[in-house]
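Below, each chain spelled out in residue letters.
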Amino acid sequence: DGGITQSPKYLFRKEGQNVTLSCEQNLNHDAMYWYRQDPGQGLRLIYYSQIVNDFQKGDIAEGYSVSREKKESFPLTVTSAQKNPTAFYLCASSIGGSGNGYTFGSGTRLTVV
Amino acid sequence: AQSVTQLDSQVPVFEEAPVELRCNYSSSVSVYLFWYVQYPNQGLQLLLKYLSGSTLVESINGFEAEFNKSQTSFHLRKPSVHISDTAEYFCAVKAAGNKLTFGGGTRVLVKP
């Protein structure tokens, strides 16, 4: 079945460490997105990519980095510069066309210990 | 640019009672409208969407939403909720060529 796979589901990070969250899709979607979700704050866009080898900052890109070397993959690195990384991270993808919504992965919960 | 306001952050409701989740948006151009549902510790799932045509759209599990252009609203309703409807619901809008913009979410708690 086609879909988006995020891994790991739970991730623990020590302060000062970089961690990478995986997002893979087999839907042949062109665009991919990373969101951060905190209680009571809805979804905030971190980065997005509309085509391979190209990506743009979202609303809260500071302390994060991404790459888009393959159409299927859009990994997110949470760097040590991100001062408050504990959150639920959601990856999504979409096909071209304005009437199409996004397909979401099941999320990764990152906790700083 | 567009924005979305979900007027209620939490809605407690008794089982088998009706529920309405309010969503208002602002945009200078025509938009497409979506409702997503998120169960605890999961991703978002598309519940229903309005693209064009009939202003009343329905989902397979009894939810419906009505697009009101003059009031720039897309409220979500269900005439009789179940315990399994306990979740967070997100309204979202999208203008042609743009990204989805999400509201802040409404948490529905269905009580027995």
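Residues numbered from 1 in each chain as written. Chains lettered and ligands numbered in written order. Predicted model: local features only at pLDDT ≥ 70, side-chain atom pairs only at ≥ 80, totals over all residues. Heavy atoms only, no water.

## Concerning the pattern of salt bridges
At step 1: Evaluation of the coordinates by the stated rule reveals 8 salt bridges over all chains.
At step 2: Between Arg22 of chain B and Asp8 of chain B there is a salt bridge, with its nearest N and O atoms 2.9 Å apart. Within this pair, whereas Arg22 of chain B is found in the loop between β3 (19–21) and β4 (23–26), its partner Asp8 of chain B is found in the loop between β1 (3–6) and β2 (10–14), the two being separated by 14 residues in sequence.
At step 3: In this structure, Glu20 of chain B engages Arg77 of chain B in a salt bridge whose closest nitrogen and oxygen atoms are separated by 2.8 Å. Note that Glu20 of chain B is positioned in strand β3 and Arg77 of chain B in strand β9 (residues 73–78), a separation of 57 residues in sequence.
At step 4: When its relative accessible area of 26% is taken as the criterion, Arg77 of chain B is described as partly exposed.
At step 5: Salt bridges here are not isolated pairs; linked through shared partners, they connect Arg36, Asp38 and Arg44 of chain A. (Salt bridge = Lys/Arg side-chain N within 4 Å of Asp/Glu carboxyl O. Helix = DSSP H or I, 4+ residues; strand = E, 2+ residues; numbered from the N terminus. Buried < 20%, exposed > 50% of the residue type's maximum accessible area, 1.4 Å probe, protein only.)

## Looking at the confidence of the model for chain A
At step 1: Averaged over every residue, the pLDDT of chain A is 93; residues scoring 70 or more account for 97%.
At step 2: Mean pLDDT in chain A bottoms out at strand β2 (residues 10–13) of chain A, which sits at 93, and peaks at strand β7 (residues 64–66) of chain A, which reaches 98. (pLDDT = per-residue confidence, 0-100.)

## Overview of the sheet that holds strand β3 (residues 19–25) of chain A
Residues and elements named next belong to chain A.
At step 1: Read across the open sheet, the 4 strands follow the order β1-β3-β8-β7; overall the sheet is antiparallel. Bordering the open sheet on either side are β1 (4–7) and β7, each of which pairs with just one other strand. Taking the axes of each pair of neighbouring strands and ignoring which way they run, one obtains an average angle of 20° across the sheet.
At step 2: Note that β7 and strand β8 (residues 76–78) share 3 bridges and pair antiparallel. When the sheet's bridge partners are listed, Val66 is paired in β8 with Leu76. (Pairing = 2+ DSSP bridges. Axes fitted to C-alpha atoms, helices over the stretch in contact; angles between N-to-C directions.)

## Observations regarding a nonpolar patch on the surface
Residues and elements named next belong to chain A.
At step 1: A cluster of nonpolar side chains, Tyr10, Phe12 and Val113, forms an exposed patch at the surface whose accessible area comes to about 360 Å².
At step 2: Relative to the assigned elements, Phe12 resides in strand β2.
At step 3: For Phe12, a relative accessible area of 56% puts it in the exposed group. (Patch = residues over 30% accessible without salt bridge, like charges linked within 9 Å, V, L, I, M, F, W, Y side chains within 5 Å. Areas by Shrake-Rupley, 256 points an atom, 1.4 Å probe, with all protein chains shown as cover.)

## Looking at the state of the cysteines
Cysteine pairs can be linked by a disulfide, which is a covalent bond between their two sulfur atoms.
At step 1: Scanning the entire structure with this criterion turns up 2 disulfides over all chains.
At step 2: Disulfide pairing is shown between Cys23 of chain A and Cys91 of chain A; the S-S distance is 1.9 Å. Taking the sign of the torsion about the S-S bond as the criterion, the disulfide between Cys23 of chain A and Cys91 of chain A, at about -75°, is left-handed. Note that Cys23 of chain A is positioned in strand β3 and Cys91 of chain A in strand β9 (residues 87–94), a separation of 68 residues in sequence.
At step 3: Sulfur-sulfur distance for the disulfide between Cys23 of chain B and Cys91 of chain B comes to 2.0 Å. The sign of the -65° torsion about the S-S bond sets the Cys23 of chain B-Cys91 of chain B disulfide as left-handed. With Cys23 of chain B in strand β4 and Cys91 of chain B in strand β10 (residues 87–95), the pair connects residues that are 68 residues apart, well separated along the chain.
At step 4: Looking at Cys91 of chain B, the relative accessible area reads 0%, which means it is buried. (Disulfide = S-S within 2.5 Å.)

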